[in-house]
Amino acid sequence: MEGDDFPVAEQLVRVAIHARISGNRQLFIHQPNRRFVRALTLNGSHLRLFHFDRSGVQYTPPFDINEDPHTFVRLVLGLSSQDEADIGLDTSIRWLIMNGRKVGGALMMREANNSVQLYPLLQLEPFFCRSSICGRSTTCWSVLDKRTNEKLLVKSSWRSEDRTSEHLYLQEAIGVAGIVQMVSCEPDRAQTKELRSLLDVIPQGFQNRIESRVLIKRYGEPIVNFASCKDVLCALRDAIAGHRVLWKKGTIHRDISTQNIVFGKPGAEPGDRGILIDFDLATHFRADGENPPADWKIGTRMFQSAMVLYSSVTNHPLPHCYLDDIESFFYVLTDIIHSYDQSGATRSLGSELKIWDEYDGRRLGSIKRAFLMNEPISPSIISRWPKAFMDVFYAFRDFLEPVSRQRVIFSHKLTEARADYCKGLLDGAEHHYNLVLQLFDTGIAALEMENNSSARPESSSSHSAKPNSPTSSTLKRPYEEDAESQLLLKRPRTSLH
């Protein structure tokens, strides 16, 4: 670079491009074990050092290489080091090189007893890797446990210093059906402030990030890669059941989405047919204490509850609770209905859902409230699914409409009635979960009955709909037969006014 007045902002842009693209190779992507990138910019006789990591960028003041040649030489030698750790690579991942090419590798993890275990990589590249430089930068590797010959996953990520490490939530979930199971962990492997050699003086605006690594069981594909309607209902049902157990332990997921629900292993028993994964954004909910308010910036916009979305404009939103996650499960089902058909083939997303990612929190919250209030579904979408499957959708929506409406209303109130409402939610949680699981169980049974009926020849009259059939009635209004449950769902403990 030439010119003594070359702006530092322009230098930053150019060196950032180098950090991501160097010789047609994106460094952080094509070297997924890279922790940081350092680069020099020469502007006339003035030099700067740029350092990129998961917290962003840091750069030095310019100095004249003619006046300080020793520093110049030291920087060049440091960037040319043969020590992989010095140039930003994670040395816990080792490669087998033949004829100048990687042909194999292994990943080292420190066990709870401080011993080191080596896990061969099943693939040279991670099967998932976020492309951004700054942020969590989640990277997932497929590995083999040679002791058990079991295929496992290693997940590395850089959490914000103010967030709880995912491994703590996974420890609480050990043995819980429907929840990803952790084998071992390394919670605090590195910190970006250490990579920058920051001591006690932290620059203003700097957000320290901590690298964590968890070894977890391997499961099936995301729920959107389904083969049948029953697979979808079974996976959602078991993931919700697992969510209930964690709620009792005081954990809320806060990022329910189509990518965070996967199918269980082939032939999984009921309870493990759907697995809830990725607890990076989870939090603890204290039933007897203060909980932080819901934050619309946490989670996946498409699947957030209406109340969480309204938190973008509400001064005192309610805390994120189990009902917000249950509403997110409903939007997972909604997305599947609109984006696929019953065979799993992709369909163009309906116009009513295309706009969901385009609006701000308040507008999308209003759209979702209208959607819950029996907004019609296009006949072309309904025709793609069996009646028993759509009955689950309608019953789920009927359950959520009064619940979601109350949460939005009370998020705007700071009254004694609000406190009573929150206490009533805690008292009614088990009942709410039972209602939701019941409507899924009924729908699964109805689908099985339909499949059994279609598998054997019957008279044409046997296929006619029965408007007053018990299955239809149960799915359409799963709580109408219980006056007490209807009161709990549709009214708070005190008046809304």
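The sections below set out a description of the structure shown in this document. (Residues numbered from 1 in each chain as written. Predicted model: local features only at pLDDT ≥ 70, side-chain atom pairs only at ≥ 80, totals over all residues. Heavy atoms only, no water.)

1. Describing the overall build of the protein
- Counting its secondary structure elements, the protein contains 15 helices and 16 strands.
- Here the protein holds 497 residues, and 50% of them are scored as buried.
- Here the contacts in the protein between residues at least 6 apart in sequence split such that 67% fall between residues at least 24 apart.
- Just so you have it, the protein exposes about 24,300 Å², and 51% of that area is on carbon and sulfur atoms. (Helix = DSSP H or I, 4+ residues; strand = E, 2+ residues; numbered from the N terminus. Buried < 20%, exposed > 50% of the residue type's maximum accessible area, 1.4 Å probe, protein only. Contact = heavy atoms within 4.5 Å. Areas by Shrake-Rupley, 256 points an atom, 1.4 Å probe, with all protein chains shown as cover.)

2. Some details on empty space enclosed by the protein
- Scanning all chains against the criterion turns up 5 cavities of 30 Å³ or more.
- Computed from the structure, the largest cavity encloses a volume of approximately 110 Å³.
- Forming the boundary of the largest cavity are 15 residues, of which Pro32, Thr139, Ser156, Trp158 and Glu211 lie nearest the centre.
- Of all elements in the fold, only β9 (139-145), β10 (150-160) and β12 (209-217) reach the threshold of two or more residues within the lining of the largest cavity.
- Per-element tally for the lining of the largest cavity: the top contributor is β10, with 3 residues.
- When its residues are assigned to classes, the lining of the largest cavity shows 4 nonpolar, 5 polar and 6 charged.
- Volume-wise, the second largest cavity comes out at about 40 Å³.
- As for the second largest cavity, its lining consists of Ile252, Arg254, Thr283, Phe285, Asn291, Pro292, Pro293, Ala294 and His320.
- Here the residues of the lining of the second largest cavity sort into 5 nonpolar, 3 polar and 1 charged. (1 Å grid on protein atoms, 1.4 Å probe; cavity = no way out; pocket = protein on both sides within 12 Å on 5 of 7 lines; lining within 4 Å. Points joined across faces, edges and corners; volume = space filled by probe spheres on them. Nonpolar A, V, L, I, M, F, W, Y, C, P; charged D, E, K, R; others polar.)

3. A short note on unusual backbone geometry
- Phi at serine 137 takes a positive value of approximately 50 degrees, unusual for a residue other than glycine.
- Tracing the backbone shows serine 137 in the loop between β8 (128-129) and β9.
- Among the residues examined, serine 137 registers a relative accessible area of 4% and is labelled buried.
- Of note, aspartate 278 is a non-glycine position whose phi angle comes to about 65 degrees, a positive value.
- In this fold, aspartate 278 is placed in the loop between β15 (274-276) and β16 (283-284).

4. Comments concerning the packing of helix α10 (residues 361-372) against helix α12 (residues 387-410)
- Contact pair α10 / α12: the axes reach a minimum separation of 8 Å and the direction vectors enclose 135 degrees. The angle between α10 and α12 places the two elements in the oblique class. As α10 runs across α12, the sense of the crossing is left-handed. Packed against α10, whose contacting residues are Arg369, Phe371 and Leu372, the element α12 presents Phe393, Arg397, Leu400, Glu401, Ser404, Arg405 and Val408 at the interface.
- Residue classes in the contact of α10 with α12 are distributed as 5 nonpolar, 1 polar and 4 charged. (Axes fitted to C-alpha atoms, helices over the stretch in contact; angles between N-to-C directions. Parallel < 35°, antiparallel > 145°, perpendicular 65-115°, else oblique. Left-handed = near helix turned anticlockwise from the far one by under 90°.)

5. Digging into the sheet that holds β12
- Here we have 5 strands laid out as an open sheet, ordered β8-β9-β10-β12-β11, and antiparallel in their pairing. Only two strands of the sheet have a single neighbouring strand rather than two, namely β8 and β11 (182-191).
- Looking at chain direction, β9 and β10 are connected through 7 bridges and run antiparallel. Bridging from a neighbouring strand, leucine 144 pairs with lysine 151 of β10. (Pairing = 2+ DSSP bridges.)

6. Things to note about the sheet that holds strand β5 (residues 93-98)
- The strand order across the open sheet formed by 3 strands is β5-β6-β7, and the pairing between neighbours is antiparallel. The sheet terminates laterally at β5 and β7 (116-120), the two strands that pair on one side only. Along the sheet, successive strands turn relative to each other by an average axial angle of 25 degrees, direction set aside.
- In this structure, β5 lies alongside strand β6 (residues 101-110), joined through 6 bridges in antiparallel fashion. Within β6, the residue paired with isoleucine 97 across the bridge is lysine 102.

7. What to know about the pattern of salt bridges
- For the structure on display, the rule yields 29 salt bridges.
- Of the charged contacts in the structure, one is a salt bridge between glutamate 161 and lysine 193, with a shortest N-O distance of 4.0 Å. Here glutamate 161, found in the loop between β10 and α4 (166-172), pairs with lysine 193, found in helix α5 (residues 192-195); they are 32 residues apart in sequence, far enough to count as distant.
- Note that glutamate 211 and arginine 189 form a salt bridge whose closest N and O atoms lie 3.1 Å from each other. Taken together, the residues glutamate 211 in strand β12 and arginine 189 in strand β11 connect sequence positions 22 residues apart.
- Beyond isolated ion pairs, a larger network of salt bridges with shared partners links Arg35, Asp90, Glu186, Arg189, Glu211 and Arg213. (Salt bridge = Lys/Arg side-chain N within 4 Å of Asp/Glu carboxyl O.)

8. Focus on the nonpolar core
- Judged by nonpolar contacts, the single largest core of 92 residues is most densely connected at Ile223 and Phe396.
- Aside from chain neighbours lying at most four places away, what touches isoleucine 223 is Val232, Ala235, Leu236, Thr258, Ile261, Val262, Phe263, Val332 and Ile336.
- Core analysis: the second largest hydrophobic core is formed by 10 residues, Leu107, Met109, Tyr119 and Leu152 among them. (Core = buried A, V, L, I, M, F, W, Y, C linked by side-chain atoms within 4.5 Å.)

9. A look at the side chain of arginine 407
- If you trace the backbone, arginine 407 turns up in helix α12.
- Looking at arginine 407, its side chain comes within polar contact range of the main-chain oxygen of proline 319, at 2.9 Å.
- The residues touching arginine 407, leaving out its near neighbours within four places in the chain, are Met307, Leu318, Pro319, Cys321, Leu323, Asp324, Tyr421 and Leu425. (Polar contact = N/O pair within 3.5 Å; in protein donor to acceptor, adjacent residues only side chain to side chain.)

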